[in-house]
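This is what each chain is made of:
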Amino acid sequence: METLIKPGADPQTLLKNVPRSGSTMLMYIDGKWAEASDGASRTLLDPATGAPIASVAEGTRDDAKRAIAAARTAFDVGPWSTMTAADRARLLFRVADKIEEYGRELQYIDTLNNGKPLRETEYDVADAAGCFRYYAGLATKPHGQTFDVPGPSQSFTVREPIGVCGQIVPWNYPLLMAVWKLAPALAAGNTCILKPSELTPLSALRLATIFEELEFPAGAVNIVTGAGPVVGAELAENHGVDKIAFTGGTKTGRSIMSAAVGNLKKVTLELGGKSPNVVFADADFDTAVDYALFGIYANAGQVCSAGSRLVVQDSIADKFVAAVVERAKKIRVGNGFDPKTEMGPIISRGQLERVEGYLAAGKDEGARLVCGGERLGGALAGGNFIAPTVFDGTNRDMRIVREEIFGPVLVVQRFKDEDDAVSTANDTIYGLAGAVFTQDVAKAHRVIRRLRAGITWINTYHPTYNEAPWGGYKQSGIGRELGTYGYDAYTEVKQINVNLDVAPSGWFEG
Ligand code: NAD
């Protein structure tokens, strides 16, 4: 990727390609750039400094309704839904190419808006291009089945798009979460209204300029910015929406699901987690330490699948925790634009205060703070920085063990044997992810099969593949994204039966 923008470039230069009215960046509805119906806007703050970075149109329920109507027409009348799969695929391949062409810009926009280090946003952009490319390829692949049925009949299935899809995403991977939603939905022939997080809409708006540049039909993709309880709630409630796909917190997921009841729209939910990272005494020590750090401190712990519970065998626990702490203290925390930065800020002041609440709760409940546990000041005082934190001496009833913190806070849970490891790991309302570290292959497989979680790793943590299904057990969600599962989740299955002996049945004799 070519370097287009220098680190620390001012937001105005970085965001120059997103259309605006005055100083307000616009949203994308029915192929046009639009202000909010009431003219309102929201100021975004740089999580690393607290400085204002942009003003963005704050969509209303009327804006969401306009986008739904545009998506309805693009689906019910066309042309998006009447295009061939090959034509859709051609366009989606070009989106992937454009994401790469503007990759540096998208990378910097996400670092500016979310705060995460450049080393992370570089991966996010590459993954986003890969995701569009994967689904562009999948659009033209076989999707149906044929059935040998009794009688002179042929029975088979085709997969058809569901229709108009409302898609609501969080702030922790602004570009990537948008792409995970849009790419499979568009590949399958649906039309979309995407609502980015109100905190991080900038890369989604830059993505909209790509759809415009490639002359996607009006209404096929709409990006409506604004608040969850306003724009998001309208998408979840509106009977013109056939499917709602949501990624975010479990509490919000519940309200989406009940809002979707009115017209029984299809619902997929990718929610929170409190995932166990299980380390046996026979694990490769250095590898397990390394991934324990990566599991919780990547993206400052603001990852749904974060390995936030270190479940470690008691015979090595003291040595293991000491090694984790030693390295956690060396993590370079700072502004994401500094190429040396390894961990960035928390997304917002509100989220920072939430994490601080858990730090206080951990101390109050009697957990032993062995690393971090505080907000960072000095040169970082203007931003939302929390030191990499480790709590040892926990028990299963503590809030820091039971609840998703969504920050750089690792809790240590010790276990005696295999059964204790599994029982500790599974003692959670969540079931998103989990990992096992051991050099005993049979034990690794035994334990991973007993974990009640949808995404699991053996001797690694976090790798995520566009090709493989993503989603959770228990209260971590409903349905799967990515892979062929993610495509199927944007389709209805139609059964088609053909009579091969065209003659009256003779059932009624008269
Ligand atoms: P959130 O639930 O507060 O918000 C997510 C999105 O929902 C935002 O766009 C928000 O505006 C919108 N929203 C909020 N209230 C709404 C309502 N009443 N109706 C409709 N939409 C509404 O979550 P967040 O704080 O942005 O993100 C953090 C959460 O996301 C964490 O719990 C994390 O685990 C989860 N997450 C899950 C995955 C996954 O794949 N399972 C991935 C990333 C994040």
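Note that this is a predicted model, so its numbers are computed, not measured.

Quick notes on the rules
Residues numbered from 1 in each chain as written. Predicted model: local features only at pLDDT ≥ 70, side-chain atom pairs only at ≥ 80, totals over all residues. Heavy atoms only, no water. Salt bridge = Lys/Arg side-chain N within 4 Å of Asp/Glu carboxyl O. Helix = DSSP H or I, 4+ residues; strand = E, 2+ residues; numbered from the N terminus. Core = buried A, V, L, I, M, F, W, Y, C linked by side-chain atoms within 4.5 Å. Buried < 20%, exposed > 50% of the residue type's maximum accessible area, 1.4 Å probe, protein only. Domains from an automatic or database assignment. Contact = heavy atoms within 4.5 Å. Near = heavy atom within 4 Å. Polar contact = N/O pair within 3.5 Å; in protein donor to acceptor, adjacent residues only side chain to side chain. Nonpolar A, V, L, I, M, F, W, Y, C, P; charged D, E, K, R; others polar. Pairing = 2+ DSSP bridges. Axes fitted to C-alpha atoms, helices over the stretch in contact; angles between N-to-C directions. Phe/Tyr/Trp six-rings, centres within 6.5 Å; stacked < 30°, edge-to-face > 60°. Lys NZ or Arg CZ within 6 Å of the ring centre and 35° of its normal. Buried area = accessible area lost by both parts, 1.4 Å probe.

Draft legend 1. Summary view of the pattern of salt bridges. Taken as a whole and judged by the stated rule, the model has 32 salt bridges. Across the salt bridge formed by Asp87 and Arg90, the nearest N and O atoms sit 2.4 Å from each other. Taken together, the residues Asp87 and Arg90, both in helix H3 (residues 85–101) and three residues apart, mark about one turn of the helix. Look at the salt bridges and you will find they share partners, linking Asp318, Arg368, Asp392 and Arg414 into a network.

Draft legend 2. Fine view of the nonpolar core. Within the largest apolar cluster, 122 residues are counted, with the highest numbers of intra-cluster contacts made by Ile99, Phe132, Leu182, Phe216 and Phe320. When residues of this core are sorted by domain, at least three fall in each of domain 1 (11–272) and domain 2 (276–458). When near neighbours in sequence (up to four residues on either side) are disregarded, Phe320 contacts Val279, Phe285, Ala288, Val289, Ala292, Leu310 and Val312. Counting 23 residues, the second-largest nonpolar core is a separate cluster that includes Ala36, Ala67, Ile68 and Val164.

Draft legend 3. Molecular detail of the site of the ligand. If you check the shell around the ligand, you find 29 residues, and the closest are Val169, Glu198, Thr252, Leu271 and Glu404. One of the side-chain nitrogen or oxygen atoms of Glu198 is found 2.5 Å away from an oxygen atom of the ligand. Taken together, the elements giving at least two residues each to the shell around the ligand come down to helix H8 (228–237), strand E12 (243–247) and helix H9 (250–259). Looking at the shell around the ligand element by element, the count peaks at four residues for H8. Class assignment of the residues belonging to the shell around the ligand gives a composition of 15 nonpolar, 10 polar and four charged.

Draft legend 4. Up close: the sheet that holds strand E18 (residues 409–415). With mixed pairing, seven strands are arranged side by side in an open sheet as E16-E17-E18-E15-E14-E20-E21. Each edge of the sheet is formed by a strand with only one pairing partner; in this case those strands are strand E16 (368–371) and strand E21 (455–458). Taking the axes of each pair of neighbouring strands and ignoring which way they run, one obtains an average angle of 20° across the sheet. The pairing of strand E14 (residues 276–279) with strand E15 (residues 309–313) spans four bridges and is parallel. Looking at E15, one finds that Pro276 is bridged to Arg309. With respect to the sheet, helix H12 (residues 349–364) is in contact with E16, strand E17 (389–392) and E18, its orientation differing from that of E17 by roughly 25°.

Draft legend 5. The arrangement of the environment of Gln302 in detail. Here Gln302 lies in the loop between helix H10 (285–297) and E15. Between the C-alpha atom of Gln302 and that of Tyr465, which follows or precedes it by 163 residues, the distance is 19 Å. One polar contact links the side chain of Gln302 to the main-chain carbonyl oxygen of Pro345, over a distance of 3.3 Å. At 3.0 Å, the side chain of Gln302 and the backbone nitrogen of Ile347 are in polar contact.

Draft legend 6. View of the packing of aromatic side chains. For the structure shown, the criterion picks out 12 aromatic pairs. Both rings, one in Tyr28 and one in Trp33, keep their centres 4.9 Å apart while their planes meet at 45°; by these two values the pair is tilted. Across the pair, Trp33 and Tyr28 agree in class, each one buried. Following the ring pairs from residue to residue traces out a cluster consisting of Trp80, Phe132, Phe211 and Phe216. In this structure, Lys243 is placed above the aromatic ring of Tyr490, and the distance from its NZ or CZ to the ring centre is 4.2 Å.

Draft legend 7. Looking closely at the domain arrangement of the protein chain. Along its sequence, the protein chain is carved into domain 1 (11–272) and domain 2 (276–458). Centre-to-centre, using C-alpha coordinates, domain 1 lies 31 Å away from domain 2. Of the residues lining the interface, 24 residues belong to domain 1; the matching set on domain 2 comes to 28 residues. Summed over both sides, the interface of domain 1 with domain 2 buries roughly 2000 Å², with 60% coming from carbon and sulfur. Contact with domain 2 buries area across many residues of domain 1, yet Pro47, Trp171 and Gly272 alone supply 27% of it, more than any other trio. The interface formed by domain 1 and domain 2 contains zero salt bridges. Across the contact surface, domain 1 and domain 2 share six residue pairs in polar contact (both at pLDDT 80 or more). Broken down by secondary-structure element, the contributors of at least two residues to the side of domain 1 that touches domain 2 are helix H4 (103–114) and helix H5 (118–139). With five residues, H4 is the single largest residue contributor to the side of domain 1 that touches domain 2.

Draft legend 8. Region of the structure containing the sheet that holds strand E7 (residues 146–147). Taken together, the three strands give an open sheet; going across it, the order is E7-E8-E24, and neighbouring strands pair in antiparallel fashion. Edge positions in the sheet fall to E7 and strand E24 (491–499), since each has one partner strand and no second. Where E7 and strand E8 (residues 153–161) come together, two bridges link them in antiparallel fashion. When the sheet's bridge partners are listed, Thr146 is paired in E8 with Phe156.

Draft legend 9. Representation of unusual backbone geometry in the model. In this structure, Pro79 follows Gly78 across a cis peptide bond, with omega equal to 10°. In this fold, Pro79 is placed in the loop between helix H2 (61–76) and H3. For Glu215, which is not glycine, the phi dihedral falls at a positive 60°. With respect to the element layout, Glu215 can be found in the loop between helix H7 (202–213) and strand E11 (221–223). Not every positive phi belongs to a glycine, and Phe406 is a case in point at roughly 60°. Inspection of the secondary structure assignment puts Phe406 in the loop between helix H13 (399–402) and E18. By relative accessible area, Phe406 is classed as buried at 14%.

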